[in-house]
Amino acid sequence: MQYGLIGEKLGHSFSKEIHELLAGYQYELRPLSRAEFPAFMQQADFAAINVTIPYKELVIPYLAEVDEQAAKIGAVNTIVKRDGCLCGYNTDFAGVVYLLKNHGIDLNGRNVLILGTGGTSKTVRAVAESQGAAAISFVSRNGGQRANWLDYQQAAAQRDVQVIINTTPRGMYPQNGEQPLLDLAAFPRLEAVVDVIYNPLRSNLVLQAQALGLQACGGLEMLVAQAKYAAELFCGQPIAEAAIDEVYRRLRRQKLNLALIGMPGCGKSTVGRLLAERLGRPLLDCDKEIVRRSGQAIADIFAEQGEAKFRQIESQTLAYIAKEGGQVIACGGGVVLRPENIQALRQNSLLIWLDRPLEQLAVGKGRPLSPNPEANRLLYQQRAPLYQQYADYRQACAQTPAETVELLVEYWQTI
């Protein structure tokens, strides 16, 4: 391996795409078990590597030289071989600084709560100290092991916390629905929340913070920034700072889903199919996936088990679909009835409301809740406010599905 990333679990990683966009070299992902790790480091058959959970601290004894900043932090995420010797660096520090600055989050004079006690939490602590944080506390499930280490119950009692930074993997793909065991509403002085998780694009923690009106961001920009600084060490030459934002925006567009919501009969399936073809993306039709997973037609589920059971199956199916990125998702018309569906979609998706005039909506044809125009009118009155509330963008349906798709592509190109 020339260049690459080591870690215990790398199925969630975007690093290969990022490095190859930044510098053009081939970059490998090398998952290593804890049993495999020592032999890999002893052989050191690489030119330069990045290091992620859980090896940022464990690599240090294998290094001939550790950069002063990395040594002070006690964690290494970048290793470069020079004249046969392994040299360690911490580019996460600069990545965190970039993320905070880019989102206007100031740690100076703030009371900072850091979730997690691993290598990344040490980096975040170093950044907080360098920026003049007034107080820094760590939170872990065990807590109390040393000064300023809290368990989650003790942390919830810290009423003066102003910035929370999550460095744990809780909520990371594929456990998207999880969240650190803290309710952000318990912190009356809270100003900002940072989650270093980047897959999903917006974790449940970030979504809760945004719902509370707090400044909040995920970790994708940090990941790109630290990769840029690592790539400079790999290649021994500078990369323009503007490349961070360029790669971040490109990758975000690549990973975002386009989730179509709207009334039954508005054309979500047809528009979704054409849009997926136009953009070269897979189409996930939620209703078809329900039929596939349950082995029953939707009308039969309604008739035999009732709407409540159908909504449960729909939520389970949507949570599964929405974990992945880079898709077009055609949602069922009632997806907006359950907040957990919107939460699952918003982690990786842009919600687009396909709004077709009521009189143009198809009725009947196996649609259990809109068998006739009057039933459809009542359904529209109930759901239209929810579509408007949850949509990131409203697209009025054009005369043909193909014309609607072109309008959506025009919008997508502005994102």
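Being a predicted model, the structure only gives us computed values, none of them experimental. (Residues numbered from 1 in each chain as written. Predicted model: local features only at pLDDT ≥ 70, side-chain atom pairs only at ≥ 80, totals over all residues. Heavy atoms only, no water.)

1. Here's the deal with the environment of Arg 281
Following the sequence through the fold, Arg 281 ends up in the loop between helix H10 (268-279) and strand E14 (283-285). Separated by 44 residues in the primary sequence, Arg 281 and Gly 325 have C-alpha atoms spaced 9.9 Å apart. Ignoring sequence-local partners within four residues, the contact set of Arg 281 consists of Arg 253, Gln 254, Leu 256, Asn 257, Leu 258, Ala 276, Gly 326, Gln 327, Val 328 and Trp 412. Within the structure, the side chain of Arg 281 is placed 2.5 Å from the backbone oxygen of Leu 256, a separation counted as a polar contact. (Helix = DSSP H or I, 4+ residues; strand = E, 2+ residues; numbered from the N terminus. Contact = heavy atoms within 4.5 Å. Polar contact = N/O pair within 3.5 Å; in protein donor to acceptor, adjacent residues only side chain to side chain.)

2. Let's talk about the sheet that holds strand E9 (residues 149-150)
Read from one edge to the other, the open sheet built from 6 strands follows the order E9-E8-E7-E10-E11-E12, with strand pairing classed as parallel. At either margin of the open sheet sits one strand with a lone partner, and together these are E9 and strand E12 (215-217). Examined bridge by bridge, strand E7 (residues 111-115) and strand E10 (residues 163-166) share 4 bridges and lie parallel to one another. Within the sheet, the bridge partner assigned to Leu 115 lies in E10 and is Asn 166. Packing against the sheet, helix H5 (residues 119-130) makes contact with E7, strand E8 (135-139) and E10, and its axis sits at approximately 170° to E8. (Pairing = 2+ DSSP bridges. Axes fitted to C-alpha atoms, helices over the stretch in contact; angles between N-to-C directions.)

3. A word on the packing of aromatic side chains
For the structure on display, the rule yields 12 aromatic pairs. Here the aromatic rings of Tyr 3 and Tyr 25 are separated by 4.5 Å at their centres, their planes lie at 40°, and the arrangement is tilted. Here Tyr 25 lies in the loop between helix H1 (15-23) and strand E2 (28-31) and Tyr 3 lies in strand E1 (residues 3-7), a separation of 22 residues in the sequence. Each member of the pair Tyr 3 and Tyr 25 is classed as buried. Both rings, one in Phe 302 and one in Phe 310, keep their centres 4.8 Å apart while their planes meet at 40°; by these two values the pair is tilted. Here the guanidinium or amino end of Lys 81 rests over the ring plane of Phe 46, the centre of that ring lying 5.6 Å away. Over the ring of Trp 353 we find Arg 394; its NZ or CZ atom is 5.9 Å from the centre of that ring. (Phe/Tyr/Trp six-rings, centres within 6.5 Å; stacked < 30°, edge-to-face > 60°. Buried < 20%, exposed > 50% of the residue type's maximum accessible area, 1.4 Å probe, protein only. Lys NZ or Arg CZ within 6 Å of the ring centre and 35° of its normal.)

4. A word on the pairing of strand E13 (residues 257-261)
Successive residues of a regular strand alternate their side chains across the two faces of the sheet. The element E13 is extensively covered by neighbouring structure, given that 5 of its 5 residues are classed as buried. Inspection of the sheet shows E13 paired to strand E16 (residues 349-355) by 5 bridges, in the parallel sense. For Leu 258, the partnering residue across the bridge sits in E16 and is Leu 350. In the sheet, E13 pairs with strand E15 (residues 328-330) via 3 bridges, with the strands oriented parallel. When the sheet's bridge partners are listed, Leu 260 is paired in E15 with Ala 330.

5. Quick look at the layout of surface pockets
Roughly 1400 Å³ of volume is contained in the largest pocket. If you trace the largest pocket, you find 50 residues lining it, with Ile 53, Thr 167, Thr 168, Pro 169 and Met 172 closest to the centre. Among the residues forming the lining of the largest pocket, the class breakdown is 19 nonpolar, 22 polar and 9 charged. Considering the residues around the second largest pocket, the lining is formed by 28 residues, among which Pro 264, Asp 287, Ile 298, Gly 333 and Arg 367 are closest to the centre. Looking at the lining of the second largest pocket, the elements that each hand over two or more residues are H10, helix H11 (286-294), helix H12 (298-305) and helix H13 (307-322). Looking at side-chain class alone, the lining of the second largest pocket contains 10 nonpolar, 9 polar and 9 charged residues. (1 Å grid on protein atoms, 1.4 Å probe; cavity = no way out; pocket = protein on both sides within 12 Å on 5 of 7 lines; lining within 4 Å. Points joined across faces, edges and corners; volume = space filled by probe spheres on them. Nonpolar A, V, L, I, M, F, W, Y, C, P; charged D, E, K, R; others polar.)

6. Comments concerning empty space enclosed by the protein
Taken as a whole and assessed by the stated rule, the structure comprises 1 cavity of 30 Å³ or more. There is about 40 Å³ of room inside the largest cavity. What lines the largest cavity is simply Val 96, Leu 99, Leu 100, Val 124, Ile 165, Val 194, Val 196 and Met 222. Here the lining of the largest cavity gets 3 residues from one element, more than from any other, and that element is helix H4 (residues 92-102).

Taken by themselves, the reported measurements are silent on function.
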